Amino acid sequence: MAAAEPDSPLYLGLDFSTQQLKAVAIDGDLGPVHQDSVQFDSELPEFRTHGGVHIHPDGLTVTSPVLMWVKALDLLLDRMKAAGFGFSRVRALSGSGQQHGAVFWRTGAARTLTQLDPGQNLHQQLTDSFSVQDSPVWMDSSSGPQCDALQEAAGGAMRLADITGSRAYERFTGNQISKLRQTRPDQFQDTERISLVSSFGASLFLGRYAAIDYSDGSGMNLLDIRDRMWSQICLDATATNLKRLLGEPSPSTAVLGPVSSFLQHRYGFSGSCSVVAFTGDNPASLAGMRLHQGDIAVSLGTSDTLFLSLSEPRPSLEGHVFCNPVEPDGFMALLCFKNGSLTRERVRDRCCSGSWDVFSQALDGTPLGNHGNIGFYFDTMEITPPAVGLHRFDANDRQVSSWSPELEVRALVEGQFLSRRLHAERLGYSIGSGTRVLATGGASANRQILQVLSDVFNAPVYTIDLSDSACLGSAYRALHGNHSNGTTANPTS
Ligand SMILES: Nc1ncnc2c1ncn2[C@@H]1O[C@H](COP(=O)(O)OP(=O)(O)O)[C@@H](O)[C@H]1O
Ligand SMILES: O=C(CO)[C@@H](O)[C@H](O)COP(=O)(O)O
C-alpha cells in the first residue's frame, strides 16, 4: 500500500457485495493507500445471515436485511475515522453493489434522508425508512411466474432479450418488483422509491435518492439497453407508475452531486467531495481490471461470473448484455454462475477439514483431467444452465455416488471451469493465442484454483494486486468522474 502525501487528494471506492462491505482509497496516481471491510456474518451477527443472506424455507427466496447494509456502513466509516483516515482529502467517491438486489424505501424516507442528524448514526435514523426489511438479492429464484408473464407481455423471451439484453431471469429486479406487488401489496403501496443495491449505497452518501445507472440498470429486465431509457412495454407489464418509483436512469459516469451535509459534519468529508454514480459490482470490476479487447474477466466472488467488453450488443437466450460502465456507447457481456465459491466452500468443509491449504494440496496432488472423473455440482438451482443436483461421472461415463476427497476437489473445480468455458464459447467467445484471462474475487487468491482455470482455458491467467477489483474499479471511476466532471445528472431524477 503506497504512503500518500499528507494533503494530497484521495478517491474512495466502496463495494456493497454479497458477504461484506469493502472500501479502498487511492491517490491521484491510482495507488491504493487504504483498505477496509466489514464482514456481515461475523461482524454483524445480530442479523443472523449466512454468507450475507437468508435462504427462506421454500429454498428459492433469498433476501438480505437492508438495515444490515446500513449498519455496515456506519461501522466501516466509524472504523476509518478511528484509524485517522483523511475524509477531508477525498475529492470524489463512487461505489458498487451486488447486482439485481432491490431496496424499497418507505413513504417519507426522502425527507428523513435530507434531515439526518450528525449526532446519531444512519442505522438509528433509517430504521423506519424501508417498506420491505428483507431485500430480495441476486441468489433469489422465486419469481418464475412473474418471468413468464413478462416474457409473454414483451412478445417472447428473445424479444425481451433484444430490448433489455436478457430473457427474463428470476433474480432480475423487475420480476422481483412484480412479485412484491402481487404478494405483498400493502408493502408495495407504502413504497415511494425503488433502488438497486448500488443506487441505494449512492443515496446514503448523497442524502437523497440517487439515480440508477445504465450499466446496473441493465440487470432489471426493465431498461432498453440501446435507447438507455426504461422500456414502456416492460414498465407496463411490471407495475403502474413504476417510472416514478424508479426515477430517471443516468449515465454510469455521472457526477450525482456533493456528499451529504450529514457525512460532512459526522466524518469531515469536504463539501466539494463529489459522488459519482454507483454501479453493479461486475461492471465496476470491468472498470477496475482495465480489460483490453479480447480479454475475458473471471470473477470468483460469491458468484462466479465471466465478462468482457462488447462494441455491439448481441443478446441471446443465455447470458446477459449490459450497458458498458466506462464506454458511453459500449456494452458488456456477462455470464453468471450461482454455484461458485459457496459450493467450493462446502466441498472444502466436507473433504478438506475446512482448510483451503488442504483443498489446494488436493489440486496439486491430482493430474489435469482427473483420470477421466468429472462432476457437476449444483447445490442450489443454477443460473447457467438452469439445473440442480450433484452429478459425478467416472472415466467410463458411469454415474457414481462418491469418490476420494482429492478426486472430488479436482472434479468440482475442473467441472466448474469447463462449464464456464463451454458457456462462454456458446456466446461466441473464442479462445485464441492472444487470449488473456483476468481473474478477480476472493478465490483468485488461490494459486492452485487459478492453475486449473489456466489449464481449462488454455490461456495465461493474470490477477491484479488487489482481489477487490469492484472496489478498486469504483475508486478509479470516482477519479475519472471527478477529472472529466462526469455527465451531470438531473438532480431531480
Ligand atoms: N484461499 C481461498 N481459496 C479459495 N477461495 C477463497 C479463498 N479465500 C477466499 N475465498 C472465497 O472467496 C469468497 C468471497 O469472495 P469475495 O470476492 O470477497 O466475495 P463477495 O465480493 O461476493 O462478497 C468466499 O466465499 C471464499 O469461498
Ligand atoms: O447476479 C450476479 C451478476 O449477474 C452476481 O454476480 C451478483 O452481482 C453478486 O456478485 P458477487 O457478490 O458474487 O461479486
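Residues numbered from 1 in each chain as written. Chains lettered and ligands numbered in written order. Predicted model: local features only at pLDDT ≥ 70, side-chain atom pairs only at ≥ 80, totals over all residues. Heavy atoms only, no water.

Near ligand 1 there are 15 residues, and of these Ser-17, Gln-20, Lys-22, Thr-302 and Glu-345 occur at the shortest range. At a separation of 2.9 Å, an oxygen atom of ligand 1 approaches a polar side-chain atom of Lys-22. Here an oxygen atom of ligand 1 sits 2.9 Å away from a polar atom, N or O, in the main chain of Gly-442. If ligand 1 stood free it would expose 580 Å²; the protein chains cover 82% of that surface. In a pocket analysis with a 2 Å cut-off to the grid points, ligand 1 is assigned to the largest pocket. A per-class count over the shell around ligand 1 returns 3 nonpolar, 10 polar and 2 charged. For the shell around ligand 1, the two domains that each supply at least three residues are domain 1 (10-283 + 469-483) and domain 2 (341-463). (Near = heavy atom within 4 Å. Polar contact = N/O pair within 3.5 Å; in protein donor to acceptor, adjacent residues only side chain to side chain. Areas by Shrake-Rupley, 256 points an atom, 1.4 Å probe, with all protein chains shown as cover. 1 Å grid on protein atoms, 1.4 Å probe; cavity = no way out; pocket = protein on both sides within 12 Å on 5 of 7 lines; lining within 4 Å. Sits in = over half its atoms within 2 Å of the grid points. Nonpolar A, V, L, I, M, F, W, Y, C, P; charged D, E, K, R; others polar. Domains from an automatic or database assignment.)

Within this structure, the stated rule accounts for 2 cavities of 30 Å³ or more. Elements supplying a minimum of two residues to the lining of the largest cavity: strand E19 (374-378) and helix H17 (405-426). No other element matches H17, which puts 5 residues into the lining of the largest cavity. By residue class, the composition of the lining of the largest cavity is 4 nonpolar, 5 polar and 2 charged. (Points joined across faces, edges and corners; volume = space filled by probe spheres on them. Helix = DSSP H or I, 4+ residues; strand = E, 2+ residues; numbered from the N terminus.)

One open sheet holds the 3 strands; their spatial order is E4-E5-E8, and the pairing between them is antiparallel. Edge strands, defined here as strands with exactly one partner in the open sheet, are strand E4 (54-55) and strand E8 (134-136). In this sheet, strand E5 (residues 62-65) lies alongside E4 in antiparallel orientation, the contact comprising 2 bridges. In the strand pairing of E5, His-54 is matched with Thr-63. (Pairing = 2+ DSSP bridges.)

It is worth spelling out the site of ligand 2 at this point. The local shell around ligand 2 holds 13 residues, among which Thr-18, His-100, Arg-171, Asp-281 and Ser-303 are the closest. Residue Gln-99 places a main-chain N or O atom 2.9 Å away from an oxygen atom belonging to ligand 2. One nitrogen or oxygen atom from the side chain of Ser-303 is found 2.7 Å from an oxygen atom belonging to ligand 2. For ligand 2, the protein covers 96% of the area, taking 370 Å² as the surface of the free molecule. With respect to the pocket detection grid, ligand 2 is positioned in the largest pocket. Going through the elements one at a time, helix H14 (281-289) and strand E18 (331-337) are the ones with two or more residues in the shell around ligand 2. For the shell around ligand 2, the residue count by class is 3 nonpolar, 8 polar and 2 charged.

This next bit is on the nonpolar core. As a rule of thumb, soluble globular proteins bury nonpolar side chains together. In this structure, Leu-12, Trp-69, Leu-93, Phe-200, Phe-205 and Phe-269 are the most contacted members of the largest nonpolar core, which totals 71 residues. Top element by residues in this core is helix H2 (residues 66-82). It accounts for 10 residues. Contact partners of Leu-93, with chain neighbours within four places excluded, come to Leu-12, Leu-14, Phe-205, Val-259, Phe-269, Cys-273, Ser-274, Val-275, Val-276, Phe-278 and Ala-478. (Core = buried A, V, L, I, M, F, W, Y, C linked by side-chain atoms within 4.5 Å. Buried < 20%, exposed > 50% of the residue type's maximum accessible area, 1.4 Å probe, protein only. Contact = heavy atoms within 4.5 Å.)

When the UniProt feature table is mapped to this numbering, "domain: Carbohydrate kinase FGGY N-terminal" (unreviewed entry) covers residues 137-288. Span residues 137-288 is 50% helix and 12% strand, its end C-alpha atoms 23 Å apart. (UniProt positions renumbered as here; feature names shortened; annotations may be inferred.)

Let us now look at the domain arrangement of the chain. Each assigned domain of the chain is listed with its residue range as follows: domain 1 (10-283 + 469-483) and domain 2 (341-463). Computed over C-alpha atoms, the centres of domain 1 and domain 2 are 31 Å apart. The partner domain 2 presents 4 residues to the 7 residues of domain 1 that form the contact. Taken together, the two surfaces of domain 1 and domain 2 that pack against each other cover about 490 Å², and 62% of this comes from carbon and sulfur. Per-residue buried area on domain 1 facing domain 2 is highest for Gln-19, Arg-171 and Ser-469; these three make up 44% of the total on that side. Where domain 1 touches domain 2, the interface holds 0 salt bridges. (Buried area = accessible area lost by both parts, 1.4 Å probe. Salt bridge = Lys/Arg side-chain N within 4 Å of Asp/Glu carboxyl O.)

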